[in-house]
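Fold and contact review
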Amino acid sequence: MKARSQYRFYPTDQQRQSLAQLFGCVRVVWNDALAICKQSEKLPSNNDLQKLVITQAKKTLERGWLSDVSNIPLQQSVADLGVAYKNFFASLKGKRKGKKVGSPKFKKKTGRQSARFRIGGFSLKGEEVYLAKIGNVRPIWSRRLPAAPTSVTVIKDCEARYFLSFVVEVEPIQVDAKHQSIGIDLGIKTFAVMSNGEKATSPNYSKQDRKIRKLQRQLARQQKNSKRREVTRVRIAKLHNQIADTRKDFLHKLSTKIVNDNQVIVLEDLNVSGLVKNRQLARAISLQGWREFRVLCQAKSEKIGRSFRVISRWEPTSQKCSCCGYRWGKIDLSVRSVLCLNCGTEHDRDENASKNIEMVGMGHQHDLKRTGSDHKTTKSSKLL
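To keep things clear, this report deals only with the structure shown in the data block.

Each value, and the rule that gives it
Residues numbered from 1 in each chain as written. Predicted model: local features only at pLDDT ≥ 70, side-chain atom pairs only at ≥ 80, totals over all residues. Heavy atoms only, no water. 1 Å grid on protein atoms, 1.4 Å probe; cavity = no way out; pocket = protein on both sides within 12 Å on 5 of 7 lines; lining within 4 Å. Points joined across faces, edges and corners; volume = space filled by probe spheres on them. Nonpolar A, V, L, I, M, F, W, Y, C, P; charged D, E, K, R; others polar. Helix = DSSP H or I, 4+ residues; strand = E, 2+ residues; numbered from the N terminus. Expected span 1.5 Å × (residues − 1). Buried < 20%, exposed > 50% of the residue type's maximum accessible area, 1.4 Å probe, protein only. Contact = heavy atoms within 4.5 Å. Polar contact = N/O pair within 3.5 Å; in protein donor to acceptor, adjacent residues only side chain to side chain. Salt bridge = Lys/Arg side-chain N within 4 Å of Asp/Glu carboxyl O. Axes fitted to C-alpha atoms, helices over the stretch in contact; angles between N-to-C directions. Parallel < 35°, antiparallel > 145°, perpendicular 65-115°, else oblique. Left-handed = near helix turned anticlockwise from the far one by under 90°. Core = buried A, V, L, I, M, F, W, Y, C linked by side-chain atoms within 4.5 Å. Patch = residues over 30% accessible without salt bridge, like charges linked within 9 Å, V, L, I, M, F, W, Y side chains within 5 Å. Areas by Shrake-Rupley, 256 points an atom, 1.4 Å probe, with all protein chains shown as cover. Phe/Tyr/Trp six-rings, centres within 6.5 Å; stacked < 30°, edge-to-face > 60°. Pairing = 2+ DSSP bridges.

Attention now goes to the layout of surface pockets. Here the largest pocket defines a volume of roughly 1500 Å³. Around the largest pocket, the lining is made up of 36 residues, and of these R4, Q6, R143, K248 and H252 lie nearest the centre. Among the residues making up the lining of the largest pocket, the classes are represented as 14 nonpolar, seven polar and 15 charged. The space that makes up the second largest pocket amounts to roughly 1100 Å³. In terms of lining, the second largest pocket is formed by 31 residues, of which the most central are L270, L275, S318, L333 and R349. Elements with a contribution of two residues or more to the lining of the second largest pocket: β8 (179–186) and α9 (349–362). Among the elements that line the lining of the second largest pocket, the one with the most residues is α9, at three residues. Across the lining of the second largest pocket, the residue classes tally to 13 nonpolar, seven polar and 11 charged.

Have a look at this one:
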């Protein structure tokens with residue numbers, strides 16, 4: 001299986017200029033190839049596109065500066081465009097799972113920039129990484145690579161930070177787990193409530209979020225292409241990166257702990273795209289990163305031999321008792337504690353849902369015949 005490791009590095013002034021030229025060439029090659037594809041009745045092959053936008057373009061005065069950078073990232077840019085069109089057509093035909101993929105778009109000068117080097121365009125030399133026509137760069141090695149990389153991508157984000165992203169092949173390993181299974185109910189106020197009684201609260205992003213909203217209003221009033229607008233844009237990018245880095249650190253630590261301790265991890269298939277249509281909760285839901293947490297748990301489960309399961313979103317996990325299985329139906333979100341009169345058990349709403357998620361994921365079901373229809377379930381006296 002493939003794994004990705006990302007490290008930050010600090011290029012010299014000369015390397016910054018070389019990287020800026022490389023990013024510009026990669027972007028121009030992508031845009032030229034995309035323009036040809038949009039004008040053609042039949043999608044050209046990658047070889048034909050490379051001849052047009054790289055080989056022949058280098059011989060012209062307008063694109064002669066393409067020869068100043070390595071040819072490998074330029075060829076990879078055309079190959080990535082072919083993959084993007086392949087995913088787009090597969091999504092149209094229904095062969096690709098998940099959300100619909102749109103057609104490729106032209107790249108802009110502002111925003112995230114990247115260039116990928118295949119084998120032959122880079123090499124590892126001790127603590128440094130050699131990039132063709134860029135030179136040796138020294139990343140900050142927070143951890144060692146598990147294997148020799150097959151490719152490396154140079155990334156410059158909106159805040160002008162530079163990263164090296166390596167792709168390596170790793171073999172799954174088997175590690176003994178402390179517990180058999182766990183069910184996880186995701187929320188906003190409490191990010192994750194687990195069936196073993198543990199709770200995980202996400203960091204508070206409200207301070208940075210308020211600053212972003214204020215600066216975005218300021219950005220909308222500033223003149224385009226002005227220096228002040230560019231300064232404001234960078235300030236907004238820095239705040240977004242602060243939130244993203246804090247969230248990523250929290251999700252990585254939480255997912256690693258859960259996957260290491262449990263053999264079976266069960267989550268609920270949440271309709272996030274539908275939930276964010278609620279204007280009152282859209283911003284809070286988007287800041288949590290539920291989908292990112294699910295992807296991390298699934299990837300880490302495959303890495304160390306865990307079983308990752310997702311139950312249907314239509315399972316009434318918050319509408320029935322986890323002890324006796326009696327179903328009481330929908331209750332308002334403001335009700336956080338429920339007393340089941342069928343068995344007399346008082347439940348925390350989220351803990352009850354997490355236990356039901358675990359039972360459904362493990363294939364256990366209650367015998368609903370023994371729960372009489374004449375019983376009622378009421379709010380806990382604590383909330384009355």
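The terminal C-alpha atoms of α9 lie 20 Å apart, and with 14 residues this matches the ideal 20 Å at 1.5 Å per residue to within 8%. Burial runs high along α9: 10 of the 14 residues are buried. Buried residues of α9: R349, D350, N352, A353, S354, N356, I357, E358, V360 and G361, and no others. The inward-facing, buried residues of α9 abut β8, β9 (192–194), β11 (262–268), β12 (307–311), β13 (337–340) and β14 (346–348). A distance of 3.2 Å separates the backbone nitrogen of D350 from a side-chain oxygen at the start of α9, and that oxygen is part of D348. Downstream of α9 by one or two residues, G363 has phi in the positive range, about 90°.

The next subject is the pattern of salt bridges. Considering all chains together, one arrives at 16 salt bridges under this definition. Note that R144 is salt-bridged to E127, the shortest N-O span being 3.0 Å. In this pair, R144 is assigned in the loop between β5 (135–137) and β6 (149–156) and E127 in the loop between β3 (122–125) and β4 (128–131), connecting sequence segments 17 residues apart. On the basis of relative accessible area, R144 is assigned to the exposed category, the value being 55%. The salt bridge partner of E230 is R233, with a shortest N-O separation of 2.6 Å. Residue E230 and its partner R233 are located together in helix α5 (residues 227–261), separated by three residues, close to a single helical turn. The partly exposed category is assigned to E230, whose relative accessible area is 37%.

This part is about the packing of helix α1 (residues 13–39) against helix α2 (residues 46–55). Two numbers describe a pair of packed helices, the interaxial angle and the distance between the axes. Viewed as axis vectors pointing N to C, α1 and α2 meet at an angle of 130°, and their least axial separation amounts to 10 Å. The angle between α1 and α2 falls in the class oblique. Regarding α1 and α2, the two cross each other, and that crossing is right-handed. Between α1 and α2, the contacting residues are V29, D32, A33, I36 and C37 on the first element and L49, L52, V53 and I54 on the second. Considering only residue class, the contact of α1 with α2 consists of eight nonpolar, no polar and one charged.

Another aspect to go through is the nonpolar core. Membership of the largest hydrophobic core comes to 40 residues, with the highest contact counts inside it found for L131 and L164. For this core, the elements supplying multiple residues, two or more each, are β1 (2–9), α1, α2, α3 (71–92), β2 (113–118), β4, β6 and β7 (162–169). Counting residues per element, this core draws most heavily on α1, at 10 residues. In terms of nonpolar packing, the next biggest core, distinct from the first, is built from 21 residues, I184, L251, L267 and F308 among them.

Right, let's talk about a nonpolar patch on the surface for a bit. On the surface, a nonpolar cluster with roughly 270 Å² of combined accessible area is contributed by L43, F89 and L92. Turning to its location among the elements, L92 is positioned in helix α3.

By the definition in use, this model includes eight aromatic pairs. Measuring from centroid to centroid gives 5.9 Å for Y7 and F166, while their planes differ by 65°, and the two rings are edge-to-face. With Y7 in strand β1 and F166 in strand β7, the pair connects residues that are 159 residues apart, well separated along the chain. Residue Y7 is classed as buried on the basis of its relative accessible area of 1%.

In a beta sheet, neighbouring strands pair by backbone hydrogen bonds and run either parallel or antiparallel. With mixed pairing, the five strands of this open sheet are ordered in space as β10-β9-β8-β11-β12. Lying at the two open borders of the sheet, with one neighbouring strand each, are β10 (199–200) and β12.

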